[in-house]
Structure formats: structure tokens, C-alpha cells
Amino acid sequence: MANPPPRHHILSVLVENKAGVLARVSSLFARRGFNIYSLAVAPTDDERFSRITIVVDVESSPLEQVTKQLFKLINVVKISELDPAHAVEREMMILTVKAEPGTRGQVIELVDVFQGRIVDVGHDELTIELAGPPSKLDDFEDLMRAYGIGALQRTGRVALPKLERTATRLRSIGKVG
Amino acid sequence: MKLNGGQALIKSLEMEGVEVVFGLPGGAILPVYDPIIDSPIRHILVRHEQGAGHMAEGYAHATGRPGVAMVTSGPGATNIVTPLADAMMDSIPIVVITGQVPSAAIGTDAFQECDIVGVTRSITKHNELVTSAQDIPRIIQEAFHIATTGRPGPVLVDIPKDLVDPNNPNSAMEWEWPDSIDLPGYKPTTKGHPRMIREAANLIAESRRPVIYAGGGILKARAAQALRELAELTGISVVTTLMARGAFPDSHPLCLGMPGMHGNYTAITSMQQSDLLIALGSRFDDRVTGKVGAFAPGAKIIHVDVDPAELGKVRRPDVPIVGDCKAVIDELIKAVRELGPQPDRAEWDTQLKQWQAQFPLHYEQGWGEGDALKPQFCIEQLRDGSPEDTIVVSGVGQHQMWSSQFWRFNHPYTWINSGGLGTMGFAVPAAIGAKVGMPGRTVWAIDGDGCFQMTAQELVTASAERIPVKVAILNNAYLGMVRQWQELFYEERYSEVYLSPDLPDYKMWAEAMGCVGMRVEHPDEVAPAIEKANSIDDRPVVIDFRVDWTEKVYPMVAAGTSNDAVILGPEMGEGGH
């Protein structure tokens, strides 16, 4: 039987844009025994703040403890936990794939289907860039494995909550039941 | 006004109302020590940086004001790591300033360089490496704000030498004291949620076997009076944890004393059998709960703490309230009053009194020829022979537990010890810090012989600075608590716990450090020695009490077992009650 899919939680952490803040955040996860699955950090539109998007694989109750501990850090301004079902997630990947003359056409076709881009071409290899939801990147990676992946680099996820288009109140009542 | 960074640092400390700094200079902090000469701030020169940290803690414990320590980079900074961890565990507001190598040398493995901000990240409430002299006033102001508000704790400020050295252009700054603090990520909640407070009052009104579980947060919030009002209004009895001894008077009829691993039977058992625990500024520490799954199984929980992360960390509360203990208790009193009279709890109160009568703390001091001096007897004599508001400071181990058990704490801030980290060697320097903060009070350090050897050199500081603390060494020639565990749980295989009663000679050592030294071996010498010690007020005093090395701390709940299995004394063996 296959393993159940890991329980991923996405934490979107707004922090002060100061030296050492990433170390504070990541060491707190390490100390509590959490494995960070992916982590992306960059400044926000307000230069005083950065946003760290952390994907962790945990059960929900210890996550509560780690978010509370995280919030105790003076430089952490806000933490939102994003429910993958109600968030827009994007990730980017670049990978080098074997593409000898006999298979090159097939690889290029798949890149087109996935709306990726070929960013570098060698004698028998292609470097491909692909962005999108993490599951799409997983699918593409699976397909490319058949041709032979030379190197692969993913950025880790960034995410924002989905915009509310329906009445929030109705939805939250629905959840209570 | 143009200042250099060093002057700005000292001026910032003055602006924060600092009256005393405990410290020891060295290369990287050297420029800061020059303006100290011209400052009204008193500097106390310690003999080891760990002493500076614990003195700052003792000062903060006794006065409620933040303690300040200042040390140099590298080894100076690493030597103060233990006090920082200690202050973090016990929520003690201290500000530690460390020198750092010049900015340009950072990261080059320079002489006496250590990444102390990295080292202390998880044992400070906050720490900061200053990168510009201009930032010094703001960072110092923030450090004091963070250390003293919300859940108090230690803050470390690391300052590179070039920013404070007047000969370096990097130290130039324009003095400006910020008139407000802007920390977007730090807004502690102090006021409890009104709905939660009403729910708490309802739970109290429904409960038949409630216990107030008062922790160190009561003292941090200056809430001892509010706690007393709540207890008297509701008639609910109070256990005071190791960190809360004195938060509720031991002489009060509603006081049950200390719970936990070495708590008394009634305090432990009342919690076990209660139907409602009102946890006020306590954190369900393992030394209190024993085996968590078996702790107070029938109790609902009201948990009040200023730190949201404590709520649900160990035990999920039925009513969680984030807020300052004093503010919340004040509101809770109002809510309880609105609900009218409390239910009849006579049956429970009778039960508590019955346990107290049946299972008191006990020991026996023999007076015959060859009867050994009991440590508990020494503590009781010390208690009875000293002023009622004496501040008692202890190290960690058997003497700490006996002190907590046998002293009668009737005033807040009269008991200072290292509860969370369990730092041996805490007593002597912390007592010095307490005496500096409260010079009019008698300060007794009750120490073990093992603990005393770890930080005794600070008595040199006390002598030199005319800080007349008193030290009672309960000298049993062993690392007594470890010995107790080896006796009970390691088949009496005593591994590396023997220290010898007279190596060193504590009396001579005390005298060499400028103190009055005394030795007491027989029960009838105890009271006169204490009387003499209490009459000396111009120098520190050390009494070496040669106590029974076989004496153990009881009651005891063995680590990891249920609080239902209280071992009352040696006659009960390991089986429990």
C-alpha cells in the first residue's frame, strides 16, 4: 500500500526585514523537531517586511505550539496558516533533462503541453523552466524521469489566500457543522 | 548633542533608570567602561561573568526591576550564557550587554570573537547585534521594554567595539532618545477576554473540589494581593509552586504549600483529586505534574497566562485566558462577585484539613551524643532566628527543596531560586544581587556544599563591595540530590557524588574571601551561630553546617510516575502511598 500523502501545512509568516530573522525562524522549527519541507523568503511590497512561506509536514496540534512559539519572536509580525484548499500556491522549477536526437521531440512536446520554457540547449540535454502549482511540477518531474533528469532545482512554494468571492459568514457556518 | 556610542550606551542606561550594573570589563567592552567613571550608575565588579548574570537575576527577583549585566566579548559572553538560560526559564527580566569585536573583524575568528547572538538565540527573549552607533539608544530602550513587559525575560545586546570607541569614527552619533517604541511584532496581550473570564467564574461556581494552582507569574505580575482577594472571596485553597513561594502567605489558612516532586502530600493530592484547577501564571512543569497523563485526571482547567504559548502546551485548558495575571484576577473577582455566593465546599475543605493533619512534613532532630545535625533543623532555626521578611536565596538540590518546604514564606519576593533551569551555584551571586537591590533587608543564601563550590568566588565581590550577605552551607559532603537518586533508583551504587566535608575548609575559605567564617556541628550550636551571623552587618558571613549526609528529601514523587504515588518517607520504600 502506498503511503498516505504527507500532511502539508503552509505557514505564511510576515517578518521584519532584518538580519538574522530567517535564522531565528528556522532554528525554532529545528528545535521543536519539525522538518521544513520547503521555504521561500523575499521582501514584500513594504520594504520593512519580508514574507516567509514555510511548508511543514506535521499533525495539526504540535503545529499550534510551533506557531505560538514562532509568534513569540519579536521580529515576527503576523502568521497565517494557509489551507491548501483555500490558497493559491505557485512554485518554480528548472531542470536539465537528457534529450538525445531520438527523444528530443517528445521532450519538447511535453514542455509545450505543460507550458514550460526551454531556457538552455546542449548537445544532448535541455534545461527547462516550469512554474505553476506544485502538483503540476510533480507531474512534469515524473514524466521527465523517464528521459533522465540531470539536475533539478525547485524554489519551494509561495502562497497567498484565495480571494473571497462568496459570503464568508455562510461558509464559516457550514464549517462548524 | 554629539556623543560617542559608549557615552550613548551609558546615558541610555541612565534614561532607563538603571542604578546598578554587574559586570567585568575586557577588550571589546573597554571603551564603555570609561564613561562609567563619570556616571551615577553603580558598577559592581564581579569575579566571574556568570556571577554578574546571576546577580542581575537576584536583583530583578528581589526588586521587580530589570537587572543589568555587562561583559566583554568571547569568553565573557559565553560565561554569561547560563544566567541567560536561567532567566529565560524563570522569566526574569535582565538586560545583558556584551562587547563584540569591531564590525570589520566580525566573522574573521578574531581574538575573543564569539557569535553570541547566534549562541543565545534560543535562550533569550530577544537579542540584537547593534550595527550602528546611532541605533544604541533605540535598541537599549527596546531591550528594557521587551525584558520587562509581557512574559518577562532576558535580552542580550551585542555591541561591536568600533561603535563605542571614541577613537573610531563609527562611534559618532547624534544623541536622540526615542519617545515611542515601534515594535510591530511585539504587542503582548494583558487584558483577559471578558467572555473567557465569565466562563471561568461559571466553572468556579460549579466546582466542588477546586484548587488554585499559583505559579511564578503571580509574582511577575505583582498580583499577590489580588490572588489573596480571589482566594478569600471564593474560599478556595492555594498551592504555591516552587516559583511562587511567598506569592500567598504560608501562614494563611487557605495555603496548601508547595506541590510537585517534593511537594507536601496535601498540595499534591488536592490537585490530583480536584475537579477544577485554576492555574494562574503557572506552566504545568513536569516537576509539578509528574506523569502528565495521570495528572489531576478529574480536573477541568482554567489557565491564565500572559504567554499564549503556555496555554495548551502541556494540558489543554477548558478555559484559556491570555493576559496579565493581575489584570485577569481583578476581572475574575468582579465576575465571581456577580454570580453570588460560592457553593458549599465544606466536605472538600474538611478533607484538605484532614490530609494536612495526617501527612505533615516531618523530620527528627536527635539531641543525643553522636546524633547528626539535620539540615531541616538548621533551616527552621534560621527561619526562627531571622527577621520575618528575610530574603532567602537557594541553589539547586536537596537544600533548595528543604528551604522551600521548611521556611515560612509570608511575603512575596522573599524566595529566590533557580527553578526551571536548576542552576547549581545560583545562590551566592543571586543573594548578592538581591542584597544590592534590597540593602535594608536580611538576605540569607541557603546553599549546598556542591553548589557553593561553583560560584563562591563572588563572596570576594561581596566583601570588596561591602555587600553583607549571609550564607548557610548545608554541608553534607555530597552532591546530595544525585546521591538520593542513586540510593533510591540505582541500587545504592554511589557514582561520583562524594565531595568531602572539609576539603575545602569552608571556614578558612570564607575568611580568605573577607567573610566571617563559622562552623557548626551540633544542634545546640545552631541557634547561637545564627544569632551571631544576624548581628554582623559589615561583611558577609558564611556558616558551614555539617549536616547528616544520609538525610533525604521527602515526600517524593519519583520522576515519570503518577502524583498518586507519593513516597512520604524512607519507611514507605519505593512503593508509594
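The rules behind these values
- Starting from 1, residues in each chain are numbered consecutively following that chain's sequence as written.
- The order in which chains are written sets their letters, starting at A; the order in which ligands are written sets their numbers, starting at 1.
- Predicted model: local features are reported for residues with pLDDT of at least 70 only, side-chain atom pairs are reported and counted for 80 or more only, and whole-chain, interface and lining totals are derived from all residues.
- Heavy atoms throughout the structure, all of them, feed into the side-chain values; hydrogens and water do not.
- Ring pairs shown here join Phe, Tyr and Trp side chains whose ring centres sit within 6.5 Å, with only the six-membered ring taken for Trp; geometry is labelled stacked below 30 degrees between planes, edge-to-face above 60, and tilted in between.
- Secondary structure elements are taken from DSSP: a helix is a run of H or I of four residues or more, a strand is a run of E of two residues or more, and numbering for both begins at the N terminus.
- When the NZ atom of lysine or the CZ atom of arginine is within 6 Å of a ring's centre and also within 35 degrees of its normal, the charge is said to sit over that ring.
- Patch members must show over 30% relative accessible area and no salt bridge, and they are joined within 9 Å when carrying like charges or within 5 Å when they are nonpolar side chains of Val, Leu, Ile, Met, Phe, Trp or Tyr.
- Only the protein chains shown count as covering a residue, and every accessible area follows the Shrake-Rupley method with a 1.4 Å probe.
- Salt bridges are identified by distance alone: a Lys or Arg side-chain nitrogen within 4 Å of an Asp or Glu carboxyl oxygen.
- Relative accessible area decides the class of each residue, using a 1.4 Å probe on protein chains only: under 20% of the type maximum gives buried, over 50% gives exposed, and in between gives partly exposed.
- The start and end points of each domain follow an automatic or database-based domain assignment.
- Only heavy atoms enter the contact rule, under which two residues are in contact if any of them lie within 4.5 Å.
- Buried area adds together the accessible area that both of two parts lose upon being put together, with accessible area traced by a 1.4 Å probe.
- Interaxial angles span 0 to 180 degrees and are taken between N-to-C directions of axes, which are lines fitted to C-alpha atoms, for helices over the stretch in contact.
- The handedness criterion is simple: a crossing whose near helix is rotated anticlockwise from the far helix by less than a right angle is left-handed, and one whose near helix is rotated clockwise is right-handed.
- Within 3.5 Å is the distance limit for a polar contact, defined as a pair of N or O atoms, with the added protein rule that one can donate a hydrogen and the other accept it, and that residues adjacent in sequence qualify only through two side-chain atoms.
- By this rule, a helix spans an expected 1.5 Å times one less than how many residues it contains.
- Any residue that is not Ala, Val, Leu, Ile, Met, Phe, Trp, Tyr, Cys, Pro, Asp, Glu, Lys or Arg is counted as polar, Gly included; the first ten are nonpolar and the last four charged.
- Nine residue types can take part in a nonpolar core, namely buried Ala, Val, Leu, Ile, Met, Phe, Trp, Tyr and Cys, and a core is a set of them joined through side-chain atoms within 4.5 Å.

**Here we look at the packing of aromatic side chains**
Residue and element names in this part refer to chain B.
1) Next: If you walk through the whole model with that rule in mind, you get 19 aromatic pairs over all chains.
2) Next: Measuring from ring centre to ring centre gives 6.3 Å for Y506 and W509, while their planes differ by 35°; the resulting arrangement is tilted. Remark: W509 and Y506 occur in helix α21 (residues 506–512); sequence separation between them is three residues, near one turn of the helix.
3) Next: Taken together through their ring pairs, the aromatic side chains of Y265, W348, W355 and F359 make up a single cluster.
4) Next: For K11, the ring lying beneath its charged end belongs to W175, and the centroid distance is 5.3 Å.

**Considerations on a nonpolar patch on the surface**
Residues and elements named next belong to chain A.
1) Next: On the surface, a nonpolar cluster with roughly 230 Å² of combined accessible area is contributed by I108, I118 and V121.
2) Next: By the element assignment, V121 lies in strand β6 (residues 117–121).
3) Next: Note on V121: relative accessible area 57%, which makes it exposed.

**Remarks on the domain arrangement of chain A**
All names here are of chain A.
1) Next: Along its sequence, chain A is organised into domain 1 (8–82) and domain 2 (88–159).
2) Next: Put simply, the middle of domain 1 and the middle of domain 2, counted by C-alpha atoms, are 29 Å apart.
3) Next: Domain 1 puts nine residues into the contact, and the matching count from domain 2 is six residues.
4) Next: Of the roughly 560 Å² buried between domain 1 and domain 2, counting both surfaces, carbon and sulfur atoms make up 58%.
5) Next: On the domain 1 side of the contact with domain 2, I10, A40 and T53 bury the most area, a combined 48% of that side's loss.
6) Next: Linking domain 1 with domain 2 are zero salt bridges.

**Looking at the packing of helix α11 (residues 265–273) of chain B against helix α14 (residues 346–358) of chain B**
All names here are of chain B.
1) Next: Remark: α11 packs on α14, axes separated minimally by 9 Å, with the N-to-C direction vectors making an angle of 150°. Considering how the two elements wind past one another, α11 and α14 form a crossing that is right-handed. Along the contact surface, α11 presents Y265, T266, T269, S270 and Q273, while α14 presents W348, L352, W355 and Q356.

**Focus: the interface of chain A and chain B**
1) Next: Chain A puts 19 residues into the contact, and the matching count from chain B is 19 residues.
2) Next: Between chain A and chain B the total buried area reaches about 1500 Å² when both faces are included, carbon and sulfur atoms providing 50% of it.
3) Next: If you sort the residues of chain A by the area they bury against chain B, R24, K72 and I74 of chain A come out on top, with a joint share of 41%.
4) Next: If you look at where chain A meets chain B, you find two salt bridges.
5) Next: K72 of chain A is the partner of D307 of chain B in a salt bridge, and the nearest nitrogen-oxygen pair spans 2.5 Å.
6) Next: Run the count over chain A and chain B and you get six residue pairs in polar contact (both at pLDDT 80 or more).
7) Next: At the level of elements, α1 (21–31), α2 (60–72) and β4 (76–82) of chain A are the ones that each hand at least two residues to the side of chain A that touches chain B.
8) Next: Sorting elements by how many residues they give to the side of chain A that touches chain B places α2 of chain A first, with six residues.

**Some thoughts on helix α3 (residues 49–63) of chain B**
1) Next: Given a rise of 1.5 Å per residue, 15 residues ought to cover 21 Å, and the 21 Å separating the end C-alpha atoms of α3 of chain B matches this to within 8%.
2) Next: Judged by how many residues are buried, α3 of chain B sits mostly within the fold: 15 of 15 residues are covered.

**A look at the domain arrangement of chain B**
How big an interface is tends to be reported as the loss of accessible area on association of its parts.
All names here are of chain B.
1) Next: As assigned here, chain B comprises domain 1 (2–174), domain 2 (194–358) and domain 3 (375–554).
2) Next: In this structure, domain 2 and domain 3 have C-alpha centres spaced 31 Å apart.
3) Next: With 16 residues of domain 2 in contact, the opposing surface of domain 3 contributes 19 residues.
4) Next: At the boundary of domain 2 with domain 3, total buried surface from both sides reaches about 1500 Å², with 57% on carbon and sulfur atoms.
5) Next: Contact with domain 3 buries surface across domain 2, with L242, R245 and H262 losing the most and accounting together for 42% of the total.
6) Next: At the junction of domain 2 and domain 3, the tally comes to zero salt bridges.
7) Next: In this structure, the connection of domain 2 to domain 3 is made through eight residue pairs in polar contact (both at pLDDT 80 or more).
8) Next: Class assignment of the residues belonging to the side of domain 2 that touches domain 3 gives a composition of eight nonpolar, three polar and five charged.

**Observations concerning the nonpolar core**
Residue and element names in this part refer to chain B.
1) Next: Counting 53 residues, the largest nonpolar core has F22, V393, F452 and L459 as the members making the most contacts within it.
2) Next: Looking at which element gives the most residues to this core, the answer is helix α17 (residues 427–437), with seven residues.
3) Next: When we break this core down by domain, the ones giving at least three residues each are domain 1 (2–174) and domain 3 (375–554).
4) Next: When sequence neighbours within four positions are dropped, the list of residues in contact with F452 reads V428, D447, L459, V471, I473, Y506, W509, M513 and V542.
5) Next: With 38 residues, the next largest nonpolar core counts M196, A200, I218 and I302 among its residues.

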